[in-house]
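# Structural overview
Take a look at the letters that make up each chain.
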Amino acid sequence: MEDCLAKKMEITVSEAEKRTGRNAMNMQETYTAYLIETRAIESQGEGQCAPMDSLWRRYSEFELLRNYLSVTYPHIVVPPLPEKRADFVWHKLSADNMDPDFVERRRIGLENFLLRVASHPVLCQDKIFYSFLTQEGGWKEMVNETGFQLKADSRLKALNATFRVKNPDKRFTELKHYSDELQSVISHLLRVRARVADRLYGVYKVHGNYGRVFSEWSAIEKEMGDGLQSAGHHMDVYAASIDDILEEEEHYADQLKEYLFYAEALRAVCRKHELMQYDLEMAAQDLTSKKQQCEELATGTVRTFSLKGMTSKLFGQETPEQREAKIKVLEEQIQEGEEQLKSKNLEGRDFVKSAWADIERFKEQKNHDLKEALISYAVMQISMCKKGIQVWTNAKECFSKM
C-alpha cells in the first residue's frame, strides 16, 4: 500500500460545470464537466507546496476509464462509478441529472471513484489511469490503442458459459449468489429509506402548520400572545430544518449505492471465471475427441456412430497413406491441444489466486465502509431526534411562561 498513487498524489474533483457542445452526431447537447485537480505530495514534506495541475473530464470519460480497467483487469473488483441518473430518491427530491444537488453528490462520487482506484494496489499502477489524471489531450487515443474493446467478452458468450459449464467452482458460485443477495438487500434498504424520508418530510412540514396556528392565535391573545408567538417560531425553525437533514441523508444513501453497484463488479469477476472455465472444458473436450479420432484411425475401428464411418462404408476405406497423413495431422493437433490445455489450466489457476486475493481485500473494505456508514446514519437519526426533543422542550418553556 505504500506504493499506492493515493500516497504520492492529492486527487480531488473540485467542481462541476454545466456546458453546451456538440456530440458525435453533430447535435447540440448539454452536459456536465468535472474539474480534476492533482498535486504531488512528495515535495510538500520539505516545506514546499507543489503546483496544482487541473483538467476537465466528462462523465462519459470516467465511464470509458472504468470499462478499460474492467476489461484489462478481469480478476479485480473494479470500483463502481456513481449513478448517472438519480435512483431510489424520496419524491420531493429532483431526479434530474442536471439538478445542482444531484450534480454535487455525483461530483463527490466521482472523486471517491478516483481515490478508490488510486488506493488499489494494482489499479493505481496503471499508466492509462495516470494519464487520465494528468494528460489533457490524447488520452482517449491511448485507451483505444490498447484494443481493450476487442478483448471485452460479449454478454451472449457470458450467458452461454453460465449455463454450459459442467464443473463450476463452488466458491465463485457462492460469491455470485452473495452478490445477487447483497444487491437485493441494499435495493430494499434504499427503498425503505426513501419511504421513511417521505414520511419524515411530511411530519416536519406539518410542524410548520403548528407555527402558523400558534402565530395566528397569538394575535388574539394579550397575556398568552408572546408565549404562543415564541412557540410558533420554534416550530417554524423545526419545519425548515428538514431540507438540510434529508440532503445529508442522501449522502449516506450514496454510500450504500456504491455497494449496490459493487455487487455488479463482483458478478463481473464471477462471469469472467465462468468464461475461462467454459473455454477450458471446451478445449479438454476437443482434445479428447481428437485423441479418439487418432485411435480409431490407427486401429481401424470406429467406436461410435459417425458420418466418417458411414462415408467409409459407402465409398470404401482410405488408403494406408491417406490414413497415415491424417494420423500425423491429428498427432500435431493433439500436441498443440495439450499445450493449449496446460496453458489454460495455468491461466485459470493464476486467475483464481489473483481474484480471490482481491475479493478478500474487497470484503475487508466493504465491512469497514458499510459499518461506518450505518453508524453515521444512526448517529444522524439520534441527533435529529434530539433536535425534535429540544424544540418541544423550548415550546414547553414558552407555554410555561404564558
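Just so it is clear, the model here is predicted, and its values are computed rather than measured.

### Some thoughts on the overall build of the protein chain
Tallying secondary structure elements over the protein chain gives 12 helices and three strands in all. For the protein chain, with 402 residues in total, the buried portion stands at 39%. A sequence separation of at least 24 residues applies to 75% of the contacts in the protein chain between residues at least 6 apart. Carbon together with sulfur atoms contributes 53% to the accessible area of the protein chain, which is approximately 23900 Å² in total.

### Some points on the sheet that holds strand β1 (residues 9-22)
Spatially, β1-β2-β3 is the arrangement adopted by the three strands of the open sheet, whose pairing is antiparallel. Each edge of the sheet is formed by a strand with only one pairing partner; in this case those strands are β1 and β3 (53-58). Averaged over all adjacent pairs, the angle separating strand axes in this sheet is 25 degrees, with direction ignored. In this sheet, strand β2 (residues 28-40) lies alongside β1 in antiparallel orientation, the contact comprising 13 bridges. Counterpart to Glu 10 in the pairing with β2 is Arg 39. On the sheet, helix α2 (residues 59-72) packs against β2 and β3 and is oriented at approximately 90 degrees with respect to β3.

### What about a negative patch on the surface?
A surface patch of like charges, here negative, comprises Glu 321, Glu 324, Glu 331, Glu 332, Glu 336 and Glu 339. Structurally, Glu 336 can be placed in helix α12 (residues 320-400). For Glu 336, a relative accessible area of 57% puts it in the exposed group.

### A few points about the layout of surface pockets
Of the pockets and cavities examined, the largest pocket occupies roughly 1000 Å³. Lining of the largest pocket is provided by 34 residues; of these, Arg 66, Ser 70, Val 71, Ala 268 and Arg 271 occupy positions nearest its centre. Of all elements in the fold, only α2, α6 (148-151), α7 (155-164) and α10 (242-299) reach the threshold of two or more residues within the lining of the largest pocket. It is α10 that contributes the most residues to the lining of the largest pocket, eight residues altogether.

### Things to note about the nonpolar core
Ranked by internal contacts, the top residues of the largest apolar core, which has 33 residues, are Leu 114 and Leu 133. Taken together, the elements giving at least two residues each to this core come down to β1, β2, α2, α3 (100-119), α4 (127-134) and α5 (139-145). Each residue touching Leu 114, except ones within four places of it in the same chain, is listed here: Ile 11, Val 13, Ile 36, Phe 62, Phe 129, Phe 132 and Leu 133. With 23 residues, the next largest nonpolar core counts Phe 172, Leu 175, Tyr 262 and Leu 266 among its residues.

### Here we look at the pattern of salt bridges
Tallying each qualifying case throughout the model produces 25 salt bridges. A salt bridge links Glu 61 to Arg 57, with the nearest nitrogen and oxygen atoms 3.2 Å apart. Across this residue pair, the class does not change: Glu 61 and Arg 57 are buried. Arg 116 serves as the salt-bridge partner of Glu 258, at 2.9 Å between the closest nitrogen and oxygen.

### Focus on the packing of aromatic side chains
If you walk through the whole model with that rule in mind, you get 13 aromatic pairs. Ring geometry for Phe 132 and Trp 139: centres 4.9 Å apart, planes at 65 degrees, overall edge-to-face. As far as burial versus exposure is concerned, Phe 132 and Trp 139 are alike and both buried. The interplanar angle of 90 degrees and the centroid separation of 5.6 Å between the aromatic rings of Tyr 210 and Trp 392 together place this pair among those described as edge-to-face. A residue pair is termed long-range when its members are at least 10 positions apart, and Tyr 210 in helix α8 (residues 170-218) and Trp 392 in helix α12 qualify at 182 residues. We classify Tyr 210 as partly exposed; its relative accessible area is 38%.

### Points about α10
Between its first and last C-alpha, α10 extends 86 Å over 58 residues, near the 86 Å set by a 1.5 Å rise per residue. With its phi angle positive at about 80 degrees, Gly 300 sits one or two positions after the end of α10.

Cut-off values and rules
- Position numbers for residues start from 1 in each chain and track the written sequence from start to end.
- Owing to the predicted nature of the model, reporting of local features is limited to residues with pLDDT of at least 70; listing and counting of side-chain atom pairs is limited to 80 or more, with chain, interface and lining totals taken over all residues.
- Excluded from the side-chain calculation are hydrogens and water; included are all heavy atoms of the structure.
- Helical segments are the DSSP runs of H or I of at least four residues, strand segments are the runs of E of at least two, and each set is numbered from the N terminus.
- Residue burial is assigned from relative accessible area. The probe radius is 1.4 Å, only protein chains are included, and a residue is buried under 20% of its type maximum, exposed over 50%, and partly exposed in between.
- Contacts between residues were defined by any pair of non-hydrogen atoms, one from each residue, lying within 4.5 Å.
- Accessible surface is estimated by sampling points in the Shrake-Rupley manner with a 1.4 Å probe; for residues, cover comes only from the protein chains shown.
- Note on pairing: two strands pair once DSSP finds at least 2 bridges between them.
- Axes here refer to lines fitted to C-alpha atoms; in helices the fit is confined to the stretch in contact. Angles between the N-to-C directions go from 0 to 180 degrees.
- Without a salt bridge and with relative accessible area above 30%, a residue can belong to a patch; like charges are then joined within 9 Å and nonpolar side chains (Val, Leu, Ile, Met, Phe, Trp, Tyr) within 5 Å.
- Every case where a carboxyl oxygen of Asp or Glu lies within 4 Å of a side-chain nitrogen of Lys or Arg is listed as a salt bridge.
- Positive charges come from Lys and Arg, negative ones from Asp and Glu, while His and the chain ends are left out of the count.
- Think of each charge as sitting on NZ of Lys, CZ of Arg, CG of Asp or CD of Glu.
- Lining residues are defined by having an atom within 4 Å of a point belonging to a cavity or pocket. Those points lie on a 1 Å grid over the protein atoms alone, cavities being sets where a 1.4 Å probe fits but cannot get out and pockets being open sets with protein on both sides within 12 Å along at least five of seven lines.
- Grid points are joined across faces, edges and corners, and a volume is the space filled by probe spheres set on the points.
- Throughout this description, the term nonpolar core refers to a set of buried Ala, Val, Leu, Ile, Met, Phe, Trp, Tyr and Cys residues connected via side-chain atoms within 4.5 Å.
- Pairing of aromatic side chains requires ring centres within 6.5 Å, counting the rings of Phe and Tyr and the six-membered ring of Trp. Pairs whose planes differ by under 30 degrees are stacked, by over 60 edge-to-face, and all others tilted.
- Helix span is expected to be 1.5 Å times the residue number reduced by one.

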